[in-house]
Number of protein chains: 2
Amino acid sequence: MEARGYHVAVVGATGAVGQQMLKTLESRNFPISKLTLLSSERSAGKKVIYKNQEYTVQVATPDSFEGVQIALFSAGGNVSKALAPEAVKRGAIVVDNTSAYRMDENVPLVVPEVNEAAIKDHKGIIANPNCSTIQMVVALEPLRQQYGLSKVIVSTYQAVSGAGAAAINELKQQSQAILNGESFTPEVLPVKGDEKHYQIAFNAVPQIDKFQENGFTFEEMKMINETKKIMSMPELQVAATCVRLPVETGHSESVYVEIENHEVTTDQLKQLLKDSDGVTLQDDPSQQIYPMPADCVGKNDVFVGRIRKDLDRANGFHMWIVSDNLLKGAAWNSVQIAESLVKLQLV
Amino acid sequence: MEARGYHVAVVGATGAVGQQMLKTLESRNFPISKLTLLSSERSAGKKVIYKNQEYTVQVATPDSFEGVQIALFSAGGNVSKALAPEAVKRGAIVVDNTSAYRMDENVPLVVPEVNEAAIKDHKGIIANPNCSTIQMVVALEPLRQQYGLSKVIVSTYQAVSGAGAAAINELKQQSQAILNGESFTPEVLPVKGDEKHYQIAFNAVPQIDKFQENGFTFEEMKMINETKKIMSMPELQVAATCVRLPVETGHSESVYVEIENHEVTTDQLKQLLKDSDGVTLQDDPSQQIYPMPADCVGKNDVFVGRIRKDLDRANGFHMWIVSDNLLKGAAWNSVQIAESLVKLQLV
């Protein structure tokens, strides 16, 4: 523990994202004077190691947040709805990784590479966007700034770890069953809380989160609405189709964008992204170099490749965007927001 | 064997598509008076069963086609280039499932639901389009006819069986190795003849076929150029991003289309596709009904779902198109063309 630092709480410390948050806080050497690890009743009592020290995870209650300065929430929307206001009441700044407050107009929705300054407007809660939104806006923001952005059409290729540890287990068990020629019963994916469950192993499922009345899924609407909010572009045309794949970790996105400038070359776009914060350009078709989920795991950056100009529209470009959905899509972006709070002297 | 029928040859009879061709000829009870099964030297001598009768596969040579009336080729572009003209010279009509002749202006490129009449213009060879093109145009042609079509942007989710039996084995072996925590060396995918090979199990690889100078892959250019040719729409705006997935059989496509009519409702589009030849509508979000590759295997139809209007453009629609790439994408479409030859009295 640092002599000078902050009292940090992690809510959902035993989950897939919570574990990555602890790893990230440790690898970034975030200034922590006291660490409080919280969870639901089900996971309370579990032991977790942070910087070679063992912590016992405690049940999250309103009083758990006494003295906490920064609370990182990743224990589901209902936990955030119930406890984030309690944490704020006790003086904590909440960085919430659920969808509970993202579209609340009093809550900044932040990807530091895009809209770090929005953090200053917080009223206690700062929301971390949806994983598939985050990696896309990191790649789109440089285009918006440099050339103007008018239209985005994205098709996603999303990993099961976005649906939690149970979904990872289901993918592995189903894969083994199919390889063995054995039967199995889907129980988790595509959406744990929905009526029907389908095979994910060796399949592609065009449903992530529940369907809305307009025929889009909630995941698709998150990508559409959050992108507009983060980039402060309510007029941006955005469409999304979200698909779950038999991939453990690493979301990929096939993105078509139209920019306002009609004179930009593919090479200029590549150079722009190469020079952008949080982006690693992996784009050399002659050497078969492009991003893939299997290569992005454990890395904080957003990887972009397959950049090419549309054959019909001079202002249209296609690209392939890949990132570790548990890191930039969740844990790393949350810790980045905490680092911004420190840097901006807001905590 | 039927008393009245045709002398049919299948070239590539032992391959993944060739096997499906034989199954399809049998299930359709295609009128065959004599069946000649051919292959490369490597596979010659293998035994194949058709209608409970054993055939020995022979090496394909020019003279193999003496007396053949219909020759179904699916043994790679080089075999077609070398032997299809020899078959034609000997009086056969060739239905070629490779890319060798697809863009030849003297060769009709046919999907019977779309442009069956083009068969009449054949000069000996009729080309079967690329698998990912076929299933898309079956779903797009009714829109073109009814409402006019102006723009198509597709992102594919393609199965490994499109790359042959070796790719299927690679997916299974890699999947098992990863589940066991063992190491492995990719040797087939993404493209057998390309320099580098990458993991396909639990991954998504944005390369199918080799890269062209414009940054698109050959597979993407096939989708773009073949779609325009089949629909006789050189002016149609088409863009494609093609991605290989850890799925054994069944290609999926996330397709955005713009039609010329701005007044069409989602329900009208669903009804249109429901009534279209070769299409099965699977589209009821309230019941989580949508197409998936795992459900399409072994079926001839093209399955369409997730149809919804774009939120920004009244003439824009999104849809999800799935089909068995070995059947409608290859064997079934080839046999359909053969059936059309009979129906149109061209053989």
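Residues numbered from 1 in each chain as written. Chains lettered and ligands numbered in written order. Predicted model: local features only at pLDDT ≥ 70, side-chain atom pairs only at ≥ 80, totals over all residues. Heavy atoms only, no water.

Under an unreviewed UniProt entry, the name given to chain A is Aspartate-semialdehyde dehydrogenase, and the organism recorded is Bacillus weihaiensis. As recorded by UniProt, the Subunit (unreviewed entry) comment attached to chain A reads in full: "Homodimer." According to the UniProt record, the Sequence similarities (unreviewed entry) comment for chain A is "Belongs to the aspartate-semialdehyde dehydrogenase family." (UniProt positions renumbered as here; feature names shortened; annotations may be inferred.)

Colleague: Run through the overall build of chain A, naming residues and quoting values.
Modeller: Within chain A one finds nine helices and 14 strands. Here the C-alpha radius of gyration of chain A, 20 Å, is about what a compact globule of 347 residues would show, namely 20 Å. Overall, chain A is about 60 × 55 × 40 Å in size when its C-alpha atoms are taken along their principal axes. Buried positions account for 59% of the 347 residues belonging to chain A. Within chain A, contacts between residues separated by at least 24 positions form 66% of all contacts whose residues are at least 6 apart in sequence. A total accessible area of about 13100 Å² is found for chain A, and carbon and sulfur atoms account for 44% of it. The distance from the centre of the 33 positive side-chain charges to the centre of the 41 negative ones in chain A is 3 Å. (Helix = DSSP H or I, 4+ residues; strand = E, 2+ residues; numbered from the N terminus. Rg over C-alpha atoms; globule rule 2.2 N^0.38 Å. Buried < 20%, exposed > 50% of the residue type's maximum accessible area, 1.4 Å probe, protein only. Contact = heavy atoms within 4.5 Å. Areas by Shrake-Rupley, 256 points an atom, 1.4 Å probe, with all protein chains shown as cover. Lys, Arg positive; Asp, Glu negative; His and termini not counted. Charge placed at Lys NZ, Arg CZ, Asp CG, Glu CD.)

Colleague: I'd like a rundown of unusual backbone geometry, residues and numbers included.
Modeller: In most cases, non-glycine residues show a negative phi, while peptide bonds are predominantly trans. Put simply, L189(A) and P190(A) share a cis peptide bond, and its omega is 5°. Inspection of the secondary structure assignment puts P190(A) in the loop between α5 (165-180) and α6 (218-230). In this structure, D209(A) takes a positive phi of about 70° despite not being glycine. Mapped onto the fold, D209(A) is located in the loop between α5 and α6. Since its relative accessible area comes to 22%, D209(A) is described here as partly exposed. Here Q345(B), not a glycine, exhibits a phi torsion of approximately 55°, which is positive. Checked against the element boundaries, Q345(B) lands in the segment after α9 (327-343).

Colleague: Explain the relation of the copies chain B and chain A to me, and be specific about the residues and the numbers.
Modeller: With an RMSD of 0.0 Å, chain B superimposes on chain A once it is rotated by 180° and translated 0.0 Å along the axis. Taken together, the rotation and translation relating the two chain copies correspond to the operation of a two-fold axis. A shared interface surface links the copies, since 98% of the contact residues of chain B are contact residues in chain A too. (Least-squares fit on C-alpha atoms with pLDDT ≥ 70 in both.)

Colleague: Could you give an account of the sheet that holds strand β6 (residues 70-73) of chain A, naming the residues involved and the relevant values?
Modeller: Two pairing modes exist for strands in a sheet, parallel and antiparallel, and in both the strands are linked by backbone hydrogen bonds. Residue and element names in this part refer to chain A. Ordered in space as β5-β2-β1-β6-β7-β8, the six strands form an open sheet in which the pairing is parallel. Of all strands in the sheet, those with a lone pairing partner are β5 (58-59) and β8 (125-127), marking the two edges. Two elements, strand β2 (residues 32-39) and β5, share two bridges in a ladder whose sense is parallel. Looking across to β5, one finds that L38 is bridged to Q58. Each of β1 (6-11), β2 and β6 is contacted by helix α1 (residues 16-27), which is oriented at about 155° to β1, the strand it contacts most. The strands that helix α2 (residues 77-89) touches are β1, β6, β7 (93-96) and β8; relative to β6, the one it contacts most, it runs at about 175°. (Pairing = 2+ DSSP bridges. Axes fitted to C-alpha atoms, helices over the stretch in contact; angles between N-to-C directions.)

Colleague: Please give an account of the interface of chain B and chain A that cites residues and values.
Modeller: In many analyses, interface size is given as the accessible surface area lost on bringing the parts together. Contacts between chain B and chain A engage 64 residues on the former and 63 residues on the latter. Both faces considered, chain B and chain A share a buried interface measuring about 5100 Å² in area, 59% of it formed by carbon and sulfur atoms. It is F202(B), Q288(B) and R306(B) in chain B that bury the most area against chain A; as a group they hold 13% of the surface buried on that side. Applying the counting rule to chain B against chain A returns four salt bridges. Here R306(A) and E220(B) are joined by a salt bridge, their closest N and O atoms 2.7 Å apart. The interface formed by chain B and chain A contains 33 residue pairs in polar contact (both at pLDDT 80 or more). Listing elements by their share of the side of chain B that touches chain A, those giving two or more residues are β9 (149-157), α5 (165-180), α6 (218-230), β10 (237-241), β11 (251-259), α8 (293-296), β13 (302-309) and β14 (316-323) of chain B. In the side of chain B that touches chain A, the residues fall into 32 nonpolar, 18 polar and 14 charged. (Buried area = accessible area lost by both parts, 1.4 Å probe. Salt bridge = Lys/Arg side-chain N within 4 Å of Asp/Glu carboxyl O. Polar contact = N/O pair within 3.5 Å; in protein donor to acceptor, adjacent residues only side chain to side chain. Nonpolar A, V, L, I, M, F, W, Y, C, P; charged D, E, K, R; others polar.)

Colleague: For the domain arrangement of chain A, give the residues involved together with the corresponding values.
Modeller: Residue and element names in this part refer to chain A. As far as domains go, chain A holds domain 1 (6-128 + 330-343) and domain 2 (133-325). Each partner contributes to the interface: domain 1 provides 15 residues, whereas domain 2 provides 15 residues. Where domain 1 packs against domain 2, one counts one salt bridge. With a shortest N-O distance of 3.2 Å, R102 and E226 are connected by a salt bridge. Mapped onto the side of domain 1 that touches domain 2, the elements with two or more residues apiece are α3 (112-115) and α9 (327-343). (Domains from an automatic or database assignment.)

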